[in-house]
Amino acid sequence: QESRTMTAEDMRVRLKQFSSKMRNTTPLREFERYIEVYARSEVGQPFIDVELQNITGDKTSLSELCGKGKWVLLDFWATWCEPCLMELPYQQEAYSRYALRGFEICAVSLDRDIDRWRSFVAQNNMLWTHLIDSQEQGSAAETYALTALPTNFLISPDGVIVARNIYGEDLLHELSHCFE
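Quick caveat, the model's predicted, so the values are computed rather than measured.

Quick notes on the rules
Residues numbered from 1 in each chain as written. Predicted model: local features only at pLDDT ≥ 70, side-chain atom pairs only at ≥ 80, totals over all residues. Heavy atoms only, no water. Helix = DSSP H or I, 4+ residues; strand = E, 2+ residues; numbered from the N terminus. Rg over C-alpha atoms; globule rule 2.2 N^0.38 Å. Buried < 20%, exposed > 50% of the residue type's maximum accessible area, 1.4 Å probe, protein only. Polar contact = N/O pair within 3.5 Å; in protein donor to acceptor, adjacent residues only side chain to side chain. Contact = heavy atoms within 4.5 Å. Phe/Tyr/Trp six-rings, centres within 6.5 Å; stacked < 30°, edge-to-face > 60°. 1 Å grid on protein atoms, 1.4 Å probe; cavity = no way out; pocket = protein on both sides within 12 Å on 5 of 7 lines; lining within 4 Å. Points joined across faces, edges and corners; volume = space filled by probe spheres on them. Nonpolar A, V, L, I, M, F, W, Y, C, P; charged D, E, K, R; others polar. Pairing = 2+ DSSP bridges. Axes fitted to C-alpha atoms, helices over the stretch in contact; angles between N-to-C directions. Core = buried A, V, L, I, M, F, W, Y, C linked by side-chain atoms within 4.5 Å.

Section: the overall build of the protein chain
- The helix and strand inventory of the protein chain stands at 7 helices and 7 strands.
- Secondary structure of the protein chain in N-to-C order comes out as α-α-α-β-β-β-α-β-α-β-α-β-β-α.
- Here the protein chain has a C-alpha radius of gyration of 17 Å; the compact-globule value for 180 residues is 16 Å, and the two agree.
- For the protein chain, buried positions account for 49% of its 180 residues.

Here you go:
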């Protein structure tokens, strides 16, 4: 959980505090690999393009949305995730305020039950882009170094990650500055 507030450099410093013998253990070698993956999705980095299944079953790449002149909230969530569902009213408000001004939400679900996911989206008036992650090797969740849900990234119109894990009123406040 602490790593959600740390930068990749913070994690590297923490890792160096262990002896070389300890750093050679499997968990710490895995942590070192995680740091490098995490670094690619930090604030200031370009978004990472992945291809996922959309709500109709077709393939959609993030590059179809990101870096195309719109602000994009890339939001990883699931229908079974209570903290994710608590964000829904804020996302609906953000979308209603800013969609016509150049804002898009790309919601990437980690649900395993596709029918439940589709029904939930339809029943909750979620009018933005919806994709689902297979969670297999090389998945979007792995590519973006997810450790918990929800996790989100605010991507600038030119495709750069400008914020990570901004929720609720903080999201609305950040977007108000984007559209001043």
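There is more to say, and it comes next.
Here's the deal with the side chain of Thr79
- Inspection of the secondary structure puts Thr79 in the loop between strand E3 (71–77) and helix H4 (82–98).
- According to the relative accessible area criterion, Thr79 is buried, its value standing at 3%.
- Side-chain polar atoms of Thr79 contact the side chain of Arg116, separated by 2.9 Å.
- Contact partners of Thr79, with chain neighbours within four places excluded, come to Leu85, Asp111, Arg116, Trp117 and Phe120.

A few points about the packing of aromatic side chains
- Under the criterion given, the structure shown has 8 aromatic pairs.
- Taking 6.3 Å as the distance between ring centres and 15° as the angle between the ring planes, the aromatic pair formed by Phe31 and Tyr34 counts as stacked. Residue Phe31 and its partner Tyr34 are both found in helix H3 (residues 26–39); the two are separated by 3 residues, about one turn of the helix.
- Judged by relative accessible area, which is 26%, Phe31 ranks as partly exposed.
- By relative accessible area, Tyr34 is classed as buried at 17%.
- Centre to centre, the rings of Phe76 and Phe153 are 6.2 Å apart; their planes meet at 85°, and the pair counts as edge-to-face. Taken together, the positions of Phe76 in strand E3 and Phe153 in strand E6 (residues 151–155) put the pair 77 residues apart, joining distant regions of the chain.
- Chaining the aromatic ring pairs together yields one cluster made of Phe31, Tyr34 and Tyr38.

Side note on the layout of surface pockets
- Considering only enclosed or pocket space, the largest pocket measures out at about 230 Å³ in volume.
- As for the largest pocket, its lining consists of 15 residues, of which Leu52, Ile132, Asp133, Ser134 and Gln135 are closest to the centre.
- It is strand E1 (residues 51–54) that contributes the most residues to the lining of the largest pocket, 3 residues altogether.
- Tallied by class, the residues present in the lining of the largest pocket amount to 5 nonpolar, 5 polar and 5 charged.

Remarks on the environment of Met126
- Mapped onto the elements, Met126 comes out in the loop between helix H5 (114–123) and strand E5 (129–132).
- Taking the C-alpha atoms as reference points, Met126 and Leu88, 38 residues apart in sequence, are found 8.6 Å from one another.

Digging into the sheet that holds E3
- One open sheet holds the 7 strands; their spatial order is E2-E1-E5-E4-E3-E6-E7, and the pairing between them is mixed. Both edges of this open sheet fall to strand E2 (59–61) and strand E7 (161–164), since each of them pairs with a single strand only. Along the sheet, successive strands turn relative to each other by an average axial angle of 35°, direction set aside.
- In the sheet, E6 pairs with E7 via 3 bridges, with the strands oriented antiparallel. If you follow Ile155 over to E7, its bridge partner there is Ile161.
- Contacts between helix H7 (residues 168–178) and the sheet are confined to E3, strand E4 (103–109) and E6, with E6 contributing the most and set at about 10° to the helix.

Things to note about the nonpolar core
- In this structure, Leu62, Leu74, Phe76, Phe103 and Tyr144 are the most contacted members of the largest nonpolar core, which totals 49 residues.
- With near-sequence residues (within four places) excluded, Leu62 lies in contact with Phe47, Ile48, Asp49, Val50, Leu74, Cys106, Leu131 and Tyr144.
- Within the second largest apolar cluster, 11 residues are counted, among which are Met6, Ala8, Tyr38 and Ala39.

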